[in-house]
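This is what each chain is made of:
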Amino acid sequence: QVQLVESGGGLVQAGGSLRLSCVASGGTFSDYAMGWFRQAPGKEREFVAAISWGGGSTVYADSVKGRFTISRDNDKNTVYLQMNSLKPEDTAVYSCAGTGVKAHWTAIQSAYEYDFWGQGTQVTVSS
């Protein structure tokens, strides 16, 4: 049973930065592509970013491209989301998620590709 635990959320002013971390346990981390999703109050969950099994490929939602960077350290079983130039519309609960070995990279923006999820961490950006 794989478990994911996020940290690093908080309150930040618009234009500021935060780095989220997600630590995995209970499995072989390099077997999983990893993603970040977010959900704002009253809105559906949306894809933010994903990184491939070895870290060589990444993909971002258009709304965060150029401001957010996803990375992973397979030795530390950790995936990161560096968030810069934050905007009030980035306010949401951010969750990390992991795929199985049979996930399709071409569909990696779909939540259905992910087999396990963290509990989430709140990010609030004030104007």
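Residues numbered from 1 in each chain as written. Predicted model: local features only at pLDDT ≥ 70, side-chain atom pairs only at ≥ 80, totals over all residues. Heavy atoms only, no water.

Some thoughts on the side chain of Thr 91
1) Next: Topologically, Thr 91 is positioned in the loop between strand S8 (78-83) and strand S9 (92-99).
2) Next: Within the structure, Thr 91 has its side chain in polar contact with the backbone oxygen of Pro 88 (distance 2.9 Å).
3) Next: Separated by 2.9 Å, the side chain of Thr 91 and the backbone nitrogen of Val 125 make a polar contact. (Helix = DSSP H or I, 4+ residues; strand = E, 2+ residues; numbered from the N terminus. Polar contact = N/O pair within 3.5 Å; in protein donor to acceptor, adjacent residues only side chain to side chain.)

Re the sheet that holds strand S1 (residues 3-7)
1) Next: Pairing is antiparallel in the open sheet, where four strands are placed in the order S1-S3-S8-S7. Each edge of the open sheet carries a strand with a single partner, namely S1 and strand S7 (68-73). If you compare each strand with its neighbour and ignore which way they point, the axes differ by 15 degrees on average. (Pairing = 2+ DSSP bridges. Axes fitted to C-alpha atoms, helices over the stretch in contact; angles between N-to-C directions.)

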